[in-house]
Amino acid sequence: MQRMTNSSSSPSLLNDSAKPYAGHDPLTSPASSLFNDFGALNISQRRKTPNPTASEFIPKGGATSRLSNASQAHASAFSQVFSHPSMGTPAAAAGLAPGMSLSAGSSPLHSPKITPHTSPAPRRRSHTPNPANYLVPSSASTPVNNPVSQTPSSGQVIQKETVGGTTYFYTDTTPAPLTGMRSFKSYHRTACRTEGQIIEVFPNYHIYPPTAPHVAYMQPKANAPSFFMADELRQELINRHLITMAQIDQADMPAVPTEVDSYHSLFPLEPLPPPNRIQKSSNFGYITSCYKAVNSKDDLPYCLRRIHGFRLVNTKCMVLVDMWKKIQHSNIVTLREVFTTKAFAEPSLVFAYDFHAGGETMMSRHFNDPNADAYFTKRKWGQHDGPLPRQHAGLLPESLIWAYIVQLSSALRTIHTAGLACRVMDPTKILITGKTRLRVNCVGVFDVLTFDNSQNNNPLALMAQYQQADLISLGKVVLALACNSLAGIQRENLQKAMELVTINYSSDLKNLILYLLTDQNRMRSVNDIMPMIGARFYTQLDAAQMRNDVIEEDLAKEVQNGRLFRLLAKLGTINERPEFQKDPTWSETGDRYLLKLFRDHLFHQVTEAGAPWIDLSHIISCLNKLDAGVPEKISLISRDEKSVLVVTYSDLKRCFENTFQELIAAANALLWYFTLDTDTETLFRR
């Protein structure tokens, strides 16, 4: 088949595609988009072998595909550049390495391609690259295949190749090869310098670099998927998304209003109290309930803490609320606003906080075991005490307790520095998200509920006293964590609890608890416990940074997914379209036929035995090259195997962009017609 194409440029694909291939030298041009996109990548990262455990993408056979991936170059074109046992002489051309096809285009700028033979899947256990796959011409004088004719004015060369008695003709419209580019093996062996500067060679399409070494050796799971984020992180994010999008059936819960002030879609985060409930909250002295709701002003989810039956008499307490709204800290749930409402059929005071999906209280995480209080339970006469609890056998590890201390003391330090007091340092008001992340919740509630009219002149008069109470509350929380029981903080059990801490934990932890719980003759500060924490701050900082490295690496694995999804979505709107503008053959003719064949080349390849050849690395590589429009040539074979079209990815991208823009133009024209028709009808009625 003969296909004549031109090299005219096409408009960008809605500005979300890869950088188009530039004909100028991408190595020396300071404004080169390729240099900017891949300036931080290494040449050895050009090909990334897929994950060895991703069994769903491992080809089942090693035979050549029926829809042959024919993008490897002619061996004789590189006989002067790279010496290889299978390519040493022109006579060895008949014995090419598996996967090297003569039916491909002979563009000197093509990049390596994946076929059932050259797929990295059989070599996934060893990451040694095949040198034959990294050939790059050394100069512009590298010979090409037999040119049969050339038009001096146009500069286009008609290439001819004969394979198995079939002769293929195609037009070579690729730019001239870059002078000075050599094989990657030679590049790694010596640094190429021109006038004292190193020439860097970057791929002209998007690639996936391997995992960073400091993260790869940090991972406890050596067989974790390499293409996607860790399953544990994915599951945690999915759970957060589910909780964020949860809704209720309004018919089943009529007591929940559909809208409260500017919030809608209320969802209870805890069991609702019965209507005739008399018992009040042990913390606030009022009946409370908690909801997730969406603010109609910014469409963001928030947590609403409702105080039942509260009438706000003095609005001067809003001075303290404004002070709380200014505090932004990683271990504090930020207060956004406070308002009164009658949407619940009674006067209520509502506190709006940031919503942290998937959070659970410290009470439910660590103090929900009824057997944990057995050590502090009074024994009957004649009964003996049970075995003493130990770390990792009933007690929390000390490293976890110090992690909590660092976060809680950091939150208190920020609150006290702002001139406020926490007043909710309680296991029922401390949220835990993830494994060890703490956030102090319900801040500012006590400042509004207990605001006294005598504080009109100075609302902060009692803050120093409240701050001292915060330190005592912190000591009780730490002691309860060390004993893994709330019974340990009761006055009659303090001596027994401290004996348990002395036996199982370090003296630093014991001294910190004693300092916080013991009355001092002077005003204490949260800064006084910093020397007791000591170098454990560095341990927590190191753990946080390592966690950040792991999450960034997981993010890097998913960063290209949105772009590739948009590419597949646009391709799906074109392929197999039944009718377009009353033409039932639209998707089977012209540029659309090429895209259909490319779809088969992408997803429908089979081996000689007829088994499907499925390799994710092949799909990703082809999509990236299409998005970038590289000049590499591929052969697209029809389903009846009677027609072969040799085209470049740049040709495919041009066809892809033009076809999709045609669909967009038709859709916009129809939308404009309906809009104009609606406006005309409205004007006529007037």
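Residues numbered from 1 in each chain as written. Predicted model: local features only at pLDDT ≥ 70, side-chain atom pairs only at ≥ 80, totals over all residues. Heavy atoms only, no water.

This is how the line gets drawn: UniProt positions are given in the numbering used here, feature names are shortened, and annotations may be inferred rather than shown by experiment.
You'll find the protein chain entered in an unreviewed UniProt entry as PAN2-PAN3 deadenylation complex subunit PAN3, with Neophocaena asiaeorientalis asiaeorientalis given as the organism. Recorded under Sequence similarities (unreviewed entry), the UniProt text for the protein chain is reproduced unchanged: "Belongs to the protein kinase superfamily. PAN3 family."

## Description of the UniProt feature "binding site: ATP" (unreviewed entry) in the protein chain
Operational definition: Secondary structure is summarised from DSSP: a helix means a run of H or I of at least four residues, a strand means a run of E of at least two, and numbering begins at the N terminus for each. By the convention used here, residues are in contact when the closest approach between their heavy atoms is within 4.5 Å. Two N or O atoms form a polar contact when they lie within 3.5 Å of each other; inside protein one atom must be a possible hydrogen donor and the other a possible acceptor, and for residues adjacent in sequence the pair counts only when both atoms belong to side chains. In this scheme, a residue with accessible area under 20% of its type's maximum is buried, one over 50% is exposed, and one in between is partly exposed, where area comes from a 1.4 Å probe on protein chains only.
Here the UniProt-annotated "binding site: ATP" (unreviewed entry) positions come out as Arg-305, Asp-354, Phe-355, His-356, Ala-357, Gly-358, Gly-359, Glu-360, Thr-361, Thr-428 and Lys-429. Here Glu-360 shows up in strand 13 (residues 360-361). Those residues in contact with Glu-360 that lie beyond four places of it in its chain are Arg-365, Ile-430, Leu-431 and Ile-432. In terms of polar contacts, Glu-360 uses its side chain to reach the side chain of Arg-365, at 2.5 Å. Along the chain, Lys-429 turns up in the loop between helix 7 (398-417) and strand 16 (430-433). The exposure class assigned to Lys-429 is buried, which follows from its relative accessible area of 8%. A distance of 3.3 Å separates a polar atom in the side chain of Lys-429 from a polar atom in the side chain of Thr-428.

## Some remarks on the sheet that holds strand 11 (residues 335-341)
Put simply, the test is: Think of it this way: DSSP has to see at least two bridges between two strands before they count as a pair.
The six strands are arranged 7-8-9-10-12-11 in an open sheet whose pairing can be described as antiparallel. Edge strands, defined here as strands with exactly one partner in the open sheet, are strand 7 (259-260) and strand 11. Sheet topology places strand 11 next to strand 12 (residues 348-354); six bridges connect them, and they run antiparallel. Residue pairing in the sheet places Leu-335 in a bridge with Tyr-353 of strand 12.

## Side note on the nonpolar core
Rules: Residues belong to a common nonpolar core when they are buried Ala, Val, Leu, Ile, Met, Phe, Trp, Tyr or Cys residues joined through side-chain atoms within 4.5 Å.
Counting 76 residues, the largest nonpolar core has Phe-351, Tyr-353, Met-362, Ile-401 and Met-425 as its most contacted members. Residues in contact with Met-425, not counting those within four places in the same chain, are Leu-408, Leu-412, Ile-430, Val-440, Ser-473, Leu-474 and Val-477.

## Overview of helix 9 (residues 463-483)
This is how it is decided: Given the number of residues in a helix, its expected span is that number minus one, multiplied by 1.5 Å.
Look at helix 9: 30 Å from first C-alpha to last across 21 residues, which is about the 30 Å you get at 1.5 Å a residue. Downstream of helix 9 by a residue or two, Asn-484 has a phi angle that is positive, lying close to 55°.

## Section: the packing of aromatic side chains
Keep this limit in mind: Each Phe, Tyr or Trp ring, with Trp reduced to its six-membered ring, pairs with another whose centre is within 6.5 Å; inter-plane angles below 30 degrees give stacked pairs, above 60 give edge-to-face pairs, and intermediate values give tilted ones. Two conditions define a charge sitting above a ring: the NZ of Lys or the CZ of Arg must be within 6 Å of the ring centre, and it must be within 35 degrees of the ring normal.
What the rule picks out here adds up to eight aromatic pairs. Here the aromatic cluster, defined as three or more aromatic residues joined through ring pairs, consists of Tyr-263, Tyr-302 and Phe-339. Its end group placed over the ring of Trp-402, Arg-536 keeps NZ or CZ at 4.1 Å from the ring centre.

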